[in-house]
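# Residue-level structure breakdown
Spelled out from the first residue to the last, the chains are:
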Amino acid sequence: MNAYYATGFISALVLWVWPVYFFKNLEASAVVVAFFATLLFLAAGRMTSALHIRFIAPMVPPRGPGWAIALACATIVAIGLLTRFGYYLSMSAA
């Protein structure tokens, strides 16, 4: 599995699926959870993979520098945190 899809999958589990269904500390419908989990897994994985092919490792296939891969994975987690923060803001404003 691609490292970016794996990061998106783990981020979706930790930030959206587990808090709703196991820890019960997030109130969200199944549609919202499915949307953000899919967004993190597919969109972040696909876009970051394209970024990796184009910018991180175009000359040194199949890998790039380790710091660039780690930075891309940290960006996926940060996007997941921003989706959770935005959800909290929208729910508190309603």
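For every chain, the first residue of the written sequence is number 1, and numbering continues from 1 along that sequence. For a predicted model such as this one, the threshold for reporting local features is a pLDDT of at least 70, and the threshold for listing and counting side-chain atom pairs is 80 or more; totals across whole chains, interfaces and linings nevertheless cover every residue. Values shown for side chains rest on all heavy atoms present in the structure; no hydrogens or waters enter the calculation.

Below, the discussion takes up a nonpolar patch on the surface. Any residue with relative accessible area above 30% and no salt bridge may belong to a patch, with like charges joined within 9 Å and the nonpolar Val, Leu, Ile, Met, Phe, Trp and Tyr side chains within 5 Å. In this description, accessible areas are obtained by the Shrake-Rupley approach with a 1.4 Å probe, and a residue is regarded as covered only by the protein chains that are shown. The working definition used for a salt bridge is a side-chain nitrogen of Lys or Arg within 4 Å of a carboxyl oxygen of Asp or Glu. Nonpolar side chains collect at one region of the surface, where Phe9, Ile10, Val14, Trp18, Tyr21, Phe22 and Phe23 lie side by side and expose about 740 Å² of accessible area between them. Tracing the sequence through the fold places Tyr21 in helix H1 (residues 3-21). Helix and strand definitions here come from DSSP, where helices need a minimum of 4 consecutive H or I residues and strands a minimum of 2 consecutive E residues; each element is numbered from the N-terminal end.

Our next topic: helix H3 (residues 66-93). For H3, which comprises 28 residues, the first-to-last C-alpha distance of 41 Å matches the rise-based estimate of 40 Å (1.5 Å per residue) to within 8%. Elements in contact with the buried residues of H3: H1 and helix H2 (30-56). A helix's residues, less one, multiplied by 1.5 Å, set its expected span. It only takes one pair of heavy atoms within 4.5 Å for two residues to be counted as in contact.

Taking 1.5 Å of rise per residue, 19 residues should cover 27 Å, and H1 covers 25 Å from first to last C-alpha, within 8% of that figure. For H1, the principal kink sits at Leu13 and spans about 40 degrees. Exposed residues in this analysis have more than 50% of their type's maximum accessible area, buried residues have under 20%, and partly exposed residues fall in between, with area computed by a 1.4 Å probe over protein chains only. Where H1 is concerned, the buried positions are Tyr4, Tyr5, Thr7, Gly8, Ser11, Ala12, Leu15, Trp16, Pro19 and Val20. Looking at the buried residues of H1, the elements they touch are H2 and H3. At the N-terminal end of H1, a side-chain oxygen is found 2.9 Å from the backbone nitrogen of Tyr4, two or three residues along, and the residue is Asn2. Each residue is assigned a bend, namely the angle between axes fitted to the seven residues that terminate at it and the seven residues that start at it. Here a polar contact means two N or O atoms within 3.5 Å. Within protein one must be a hydrogen donor candidate and the other an acceptor candidate, and residues neighboring in sequence count only if both atoms are side-chain atoms.

For the rest of this paragraph, the subject is the side chain of Thr83. Relative to the helices and strands, Thr83 is located in helix H3. Side-chain polar atoms of Thr83 contact the backbone oxygen of Gly80, separated by 2.6 Å.

To continue, consider the packing of H1 against H2. H2 packs onto H1 with a crossing angle of 165 degrees between their chain directions and a minimal axis gap of 8 Å. If you check the angle between H1 and H2, you find them roughly antiparallel. Here the hand of the crossing between H1 and H2 comes out right-handed. Classes in brief: Ala, Val, Leu, Ile, Met, Phe, Trp, Tyr, Cys and Pro nonpolar; Asp, Glu, Lys and Arg charged; the others, Gly included, polar. Each residue belonging to the contact of H1 with H2 can be placed in one class, and the counts come to 17 nonpolar, 6 polar and 1 charged. Comment: axis = line fitted to C-alpha atoms, over the contacting stretch for helices; angle = value between 0 and 180 degrees taken between N-to-C directions. The scheme is simple: roughly parallel for angles under 35 degrees, roughly antiparallel for over 145, roughly perpendicular for 65 to 115, oblique for anything else. In this scheme the crossing of two helices becomes right-handed for a clockwise turn of the near helix relative to the far one and left-handed for an anticlockwise turn of less than a right angle.

As a further point, take the nonpolar core. Ala12, Leu15, Trp16, Val20, Leu26, Ala28, Val33, Phe36, Ala37, Leu40 and Tyr87 together form the largest nonpolar core, which totals 11 residues. Elements supplying a minimum of two residues to this core: H1 and H2. Setting aside chain neighbours within four positions, we find Val20 in contact with Leu26, Ala28 and Val33. Residues enter a nonpolar core if they are buried and are Ala, Val, Leu, Ile, Met, Phe, Trp, Tyr or Cys, with the set joined through side-chain atoms within 4.5 Å. Counting 8 residues, the second largest nonpolar core, distinct from the first, contains Tyr4, Ile56, Ala72 and Cys73.

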